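Spelled out from the first residue to the last, the chains are:
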Amino acid sequence: MKAIRLRDGKERSLLRRHPWVFQGSIDKGKADPGETVRVEAADGKFLAWGAFSPTSMIRVRAWSFDEAERIDSDFFARRITRALALRQKLPIASDGVRLIHGEADGLPGLIVDRYGDTLSAQFLSAGTERWRDTIVELLIASTGAARLYERSDSGVRGLEGLAPRTGWLHGAANADGSAEVTIQEHAWKLTLDVATGHKTGFYLDQRDNRQRFSEMVRHHGCQRVLNCYSYT
């Protein structure tokens, strides 16, 4: 296992469980893109297991702060299972849900949204790129989704030395060739396009704002509305 040694005093953010190690914090050590490395303090003490990115200013993104943990397919299965279990506890009035939100779920660089029977995923870091095939298999197995579309077209990938990429990783387009998906949200249905929609296809975080707005329109009798920034 390759090791990355930090400069003296640069371990403080990792000790506070911040998952990023910047280029200027590293004293010595290197690895291949996305390769798992042992991150050590200046005195050699273990700090984290992380994914190395040789071109990014964020040189290492931490997977785990547990020295006994191994970064393998079982690790990703546990993290995905934990993220899905958390969402199942939330009273979300929709089958459009963000299932995995990067660092917040212990999976830096991975974004996964569910739109009905379709998943839309972004692999935005060297680490998630290296484990992409494994992650896709686990996502399909754990969610039962019929399809998975990749939207790794964010400019962040360029900072990681990765080219943009989109397309179906599981399942296929609709019969008419489109990537449109219809979801249920509150009392209505909404149609979006996972191939061309904003980011992964839609602004899920505006769910309750859309509900509040619909109530305002009904109660106040609005006839015409200007929609400036909601990308729908």
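Residues numbered from 1 in each chain as written. Predicted model: local features only at pLDDT ≥ 70, side-chain atom pairs only at ≥ 80, totals over all residues. Heavy atoms only, no water.

Section: the overall build of the chain
- Helices and strands together make up the secondary structure of the chain, namely 6 helices and 13 strands.
- With the principal axes as the frame, the chain shows a C-alpha extent of 65 × 40 × 30 Å.
- Taken over 232 residues, the chain has a buried fraction of 45%.
- Long-range contacts, defined as pairs at least 24 residues apart, comprise 51% of the intrachain contacts of the chain with a sequence gap of at least 6.
- As presented, the chain carries roughly 12,500 Å² of accessible surface, and 51% of it is formed by carbon and sulfur atoms.
- One finds the centroid of the 34 positive side-chain charges in the chain at a distance of 4 Å from the centroid of its 30 negative side-chain charges. (Helix = DSSP H or I, 4+ residues; strand = E, 2+ residues; numbered from the N terminus. Buried < 20%, exposed > 50% of the residue type's maximum accessible area, 1.4 Å probe, protein only. Contact = heavy atoms within 4.5 Å. Areas by Shrake-Rupley, 256 points an atom, 1.4 Å probe, with all protein chains shown as cover. Lys, Arg positive; Asp, Glu negative; His and termini not counted. Charge placed at Lys NZ, Arg CZ, Asp CG, Glu CD.)

Some remarks on the sheet that holds strand 6 (residues 58-64)
- Read across the open sheet, the 6 strands follow the order 2-6-5-4-1-3; overall the sheet is mixed. At either end of the open sheet lies a strand with only one pairing partner, and these are strand 2 (20-22) and strand 3 (26-28). Adjacent strand axes in the sheet meet at a mean angle of 40° when their direction is disregarded.
- In this structure, strand 5 (residues 46-52) lies alongside strand 6, joined through 4 bridges in antiparallel fashion. When the sheet's bridge partners are listed, alanine 51 is paired in strand 6 with arginine 61. (Pairing = 2+ DSSP bridges. Axes fitted to C-alpha atoms, helices over the stretch in contact; angles between N-to-C directions.)

A word on the sheet that holds strand 7 (residues 96-101)
- Reading across the sheet, the 5 strands line up as 7-8-9-10-11 and stay open at both edges, with mixed pairing between neighbours. Each edge of the open sheet is held by one strand with a lone partner, namely strand 7 and strand 11 (165-170). On average, each strand axis in the sheet is tilted by 20° relative to the strand beside it, whichever way the strands run.

Examining the pattern of salt bridges
- This structure, assessed with the given rule, holds 16 salt bridges.
- In this structure, glutamate 160 engages arginine 61 in a salt bridge whose closest nitrogen and oxygen atoms are separated by 3.0 Å. Here glutamate 160, found in the loop between helix 5 (156-159) and strand 11, pairs with arginine 61, found in strand 6; they are 99 residues apart in sequence, far enough to count as distant.
- Taking the shortest distance from any N to any O, the salt bridge between glutamate 185 and arginine 210 comes out at 2.8 Å. In this pair, glutamate 185 is assigned in strand 12 (residues 180-185) and arginine 210 in helix 6 (residues 207-220), connecting sequence segments 25 residues apart. In this pair, the class of glutamate 185 matches that of arginine 210, namely buried.
- Ionic contacts of the salt-bridge type, sharing partners, join the residues Glu129, Arg132, Glu150, Arg157 and Arg165 into one network. (Salt bridge = Lys/Arg side-chain N within 4 Å of Asp/Glu carboxyl O.)

Section: the environment of glutamate 35
- Here glutamate 35 is to be found in the loop between strand 3 and strand 4 (36-40).
- Take glutamate 35: its relative accessible area is 16%, and that puts it in the buried class.
- Along the sequence, glutamate 35 and proline 108 sit 73 residues apart, while their C-alpha atoms lie 14 Å from each other.
- For glutamate 35, the side chain forms a polar contact with the side chain of lysine 2, separated by 3.2 Å.
- Of note is the side chain of glutamate 35, whose polar atom sits 2.9 Å from the backbone nitrogen of aspartate 32. (Polar contact = N/O pair within 3.5 Å; in protein donor to acceptor, adjacent residues only side chain to side chain.)

Remember, this is a structural readout, not a statement about activity or role.
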